[in-house]
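Observations on the three-dimensional arrangement
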Amino acid sequence: MGAEGSGREEMLELATEAFRARDFQLAADIYECQLRAIRAGQEDERDELRLKRAHCLALGGRLAESLEEYKLLSQQGILRPQHLEVLVERLAEAMRSSQGWTDGEQPARRLLSCLKCTGTLYEPVTLQCGHTYCRNCLEREREGTRAPSTHCKLCKDKLHASGTYRINVVLNSFLNKYFPAETRALTLRHEGNVLYKNKKPQAALEKYREANALGNVSFISRRTKRLSDIHLPGCPERIFKKGPAPKDHLLLSNRAQINASLRHVEDALHDGNAACNLQPTRSKGHLRKAQALAGLQKVDQALKEYIICIALDSENKTAKLEAQKEKIDTTDIGVRKEWKAHTCGNLTNTVQMMSDNKDALKNSSTPLALTSPEQKNTQKRKYDLVNDDKAEIIEGNSTCFRRARAQSPSREHDTQSDLVDPLDLECSLCMRLLYEPITTPCGHTFCLKCIERCMDHSPKCPLCKEVLPEYQTLRKYSRTSLIEELIAHYLPEELAERKRVNDDEMAELSNLNKAVPIFICTMAYPNVPCPLHIFEPCYRLMIRRCMEFGNKQFGMCMSDPIKGFADYGCMLEVRSVELFSDGRSVVDTIGRRRFKVLHQSERDGYSTADIEYLEDEKMEGESYTELLRLHDAVYDQAYKWFSSLKQGLKTRILSHFGPMPRKDTDIQASPDGPGWCWWLLAVLPLENRAQLPFLAMTSLQDRLNGIRRVLLFMSRNCPR
């Protein structure tokens, strides 16, 4: 017996170590083995092991099995609220990550919905990260936090709390034009919110009633036109029909709160039920429903809704306080036994409810997938709640958790793609469909390339002239995802054409033979570094395009007072770009191939040229042997000249151009000849007009002879 007890203690200690190491699977298996070994009369030890195993199963993601253990403990009357903390946390995590409910998909975000309140966008504001929210949602969050900044719900980028949120002009116009009835309903809802805040609940209810009863207006195709259809004045191509407005879960939640405050508890419960039907994964509807149930003295159902609310939003202080208040009110009237019965009954029912749905929980690690129409119909018959208009109260405990998706209408799908005017989603700068749209802090939207070009000239918005220093300083542009989604949804053909045109332009600009961008500045040579200071707007655009196209190359030519720039130049490849806050940049480049200019032109303020690349003539036989002897002699002469320079001058040359390259094993391997020749020409103190002929030579022998003459002249007449 002693040996058996010692072995049990060792196994339990091993389970504890596995739990600390977060190996919940091993710990649960050990507890299961120990449960089998428990004998009669050891009920307390059995219950303790069962509770530990339930915790391990929940933490390990085996929710269905953990529910069985919690169910047994609840039926025996030994399960306490604090024992469900681990289970609730895991369920909340599963619900927040859209996992754990395989009998229906998580309700998809509507196209024109706010990322915070999930309602239709009202006065949309696009942040610098590119995501869009209702202005009221952002202002409410900013007022409710003491921190200097909050975070975007989607990308977690910081949202600076200073300044005024500006409405996205394009999105707001789109909503007002294509969804006028719904926009009007949202305006009425917000007016009602203000009235309730000013302690005018009856007036607020009237606003909510108007908003909820407001008819919807949606587009229909011209192909389905009937005589009863209504034509908008001045818009003969747009045809409308009247229809029912979709329910607004936020309006229903707000109305439930007002009805509860006015003691209209049945109406509050009706609205709470309707809000939960529309958005079952939003905690606000469950909170209002719980408050209404509490007002009807249905404590067990109210506590269940509070638990759901906390599971959906673990930071909901109101739900926690209200749940605690229900407990205090019950104990104050001297019915502790009834309270205990309510609590245990509620826990038993809640665990039983979740246990009934354990088959769905077994696949909690499987990502949700869209279901077929047949599956959706089956789910609707099996799991739908009562109709909103009937105000029926469901007494069963398992229905809420079986409800896995909201049957909320997607209003934006009423508008057909062939009736959305592309002009409403057009860039005001290039007058084309927005491509890679960027919304500025002042609320205006432009194509990415358009706003970048404007920032090259001035740090001001092209429309309202508001200064945008953050764009010029950071050069960080995040595309407005919602406008991209709208264009892809409503204008797919126009978007495909816009993308084709953009790709054609990119292909044309990336051509390294036709219309090659030319930087008119100084002499550049193959394989020789050439750092540049860029400050002119046209060259900012040129460098940015070179980086975007991927080739990272442009031509360098000397200026010419007659032609504009010289007939010969060298291609430069960008190795790095260092940007400054005022828009200037230092570009580190290195020379690549020589070229001859065939035709000069201009694009967007900078020069371009059609070019052909130069290549040295190949030598063979006796000629190659003589060329090799000449090469070695000139190299030795050049090395001797460089070694004779003063140390200070040599240091400056080495820091700027690097060390003198070594002799090539094959002097004709490169089409531009040996690299040391170009390095030496860059180092020699020659005027640009004297350097240009060397760049145009296609004979290595002529180039070596020219270098030898220059070295002889430098050795005789120039001090070191």
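Residues numbered from 1 in each chain as written. Predicted model: local features only at pLDDT ≥ 70, side-chain atom pairs only at ≥ 80, totals over all residues. Heavy atoms only, no water.

1. Details of the pairing of strand E10 (residues 516-521)
Pairing analysis gives three bridges linking E10 to strand E15 (residues 606-613), with the strands arranged antiparallel. Opposite Ile 518, over in E15, you have Ser 607 as the bridge partner. (Pairing = 2+ DSSP bridges. Helix = DSSP H or I, 4+ residues; strand = E, 2+ residues; numbered from the N terminus.)

2. Remarks on helix H4 (residues 63-75)
Compared with the 18 Å implied by 1.5 Å per residue over 13 residues, the 18 Å span of H4 between its first and last C-alpha is a close match. Buried within H4 are the following residues: Leu 63, Ala 64, Ser 66, Leu 67, Glu 69, Tyr 70, Lys 71, Leu 73 and Ser 74. (Expected span 1.5 Å × (residues − 1). Buried < 20%, exposed > 50% of the residue type's maximum accessible area, 1.4 Å probe, protein only.)

3. Notes on the state of the cysteines
Applying the stated criterion across every chain yields a total of zero disulfides. Here Cys 117 is not disulfide-linked; the sulfur of Cys 137 is the nearest cysteine sulfur, at 3.7 Å. Since its relative accessible area comes to 10%, Cys 117 is described here as buried. Here Cys 442 is not disulfide-linked; the sulfur of Cys 461 is the nearest cysteine sulfur, at 3.5 Å. With relative accessibility at 7%, the residue Cys 442 sits in the buried group. (Disulfide = S-S within 2.5 Å.)

4. Remarks on the packing of helix H8 (residues 180-197) against helix H9 (residues 201-213)
When two helices pack together, their arrangement is given by the angle between their axes and by how far apart the axes lie. Between H8 and H9, the shortest axis-to-axis distance is 8 Å and the interhelical angle comes to 170°. Judged on the interaxial angle alone, H9 and H8 are roughly antiparallel. Residues Ala 185, Leu 188, Arg 189, Glu 191, Gly 192, Asn 193, Leu 195 and Tyr 196 of H8 lie in contact with H9, whose contacting residues are Pro 201, Ala 203, Ala 204, Lys 207, Tyr 208, Glu 210 and Ala 211. (Axes fitted to C-alpha atoms, helices over the stretch in contact; angles between N-to-C directions. Parallel < 35°, antiparallel > 145°, perpendicular 65-115°, else oblique. Contact = heavy atoms within 4.5 Å.)

5. Points about the environment of Asp 636
One can find Asp 636 in helix H24 (residues 621-643). The spatial distance from the C-alpha of Asp 636 to the C-alpha of Lys 663 is 9.8 Å, given a sequence separation of 27 residues.

6. Observations concerning the nonpolar core
Residues Phe 174, Leu 486 and Tyr 490 are the most contacted members of the largest nonpolar core, which totals 47 residues. Every element with two or more residues in this core is listed here: strand E2 (132-134), helix H6 (135-143), helix H7 (169-178), strand E9 (445-447), helix H19 (448-457) and helix H21 (481-490). In this structure, Val 528, Trp 676, Val 710 and Leu 711 belong to the second largest nonpolar core, which totals 34 residues. (Core = buried A, V, L, I, M, F, W, Y, C linked by side-chain atoms within 4.5 Å.)

7. Examining the pattern of salt bridges
All chains considered together, the criterion is met by 37 salt bridges. Across the pair Glu 305 and Lys 304 runs a salt bridge, and its minimum N-O distance is 3.9 Å. Note on Glu 305: relative accessible area 1%, which makes it buried. You can call Lys 304 buried: its relative accessible area is 4%. Between Asp 616 and Arg 703 there is a salt bridge whose closest N-O contact spans 2.8 Å. In this pair, Asp 616 sits in the loop between E15 and H24 while Arg 703 sits in helix H28 (residues 700-717), placing the two residues 87 residues apart along the sequence. Across the pair, exposure class does not vary: Asp 616 and Arg 703 are buried alike. (Salt bridge = Lys/Arg side-chain N within 4 Å of Asp/Glu carboxyl O.)

So, to be careful, I would describe these as geometric facts and stop short of saying anything about function.
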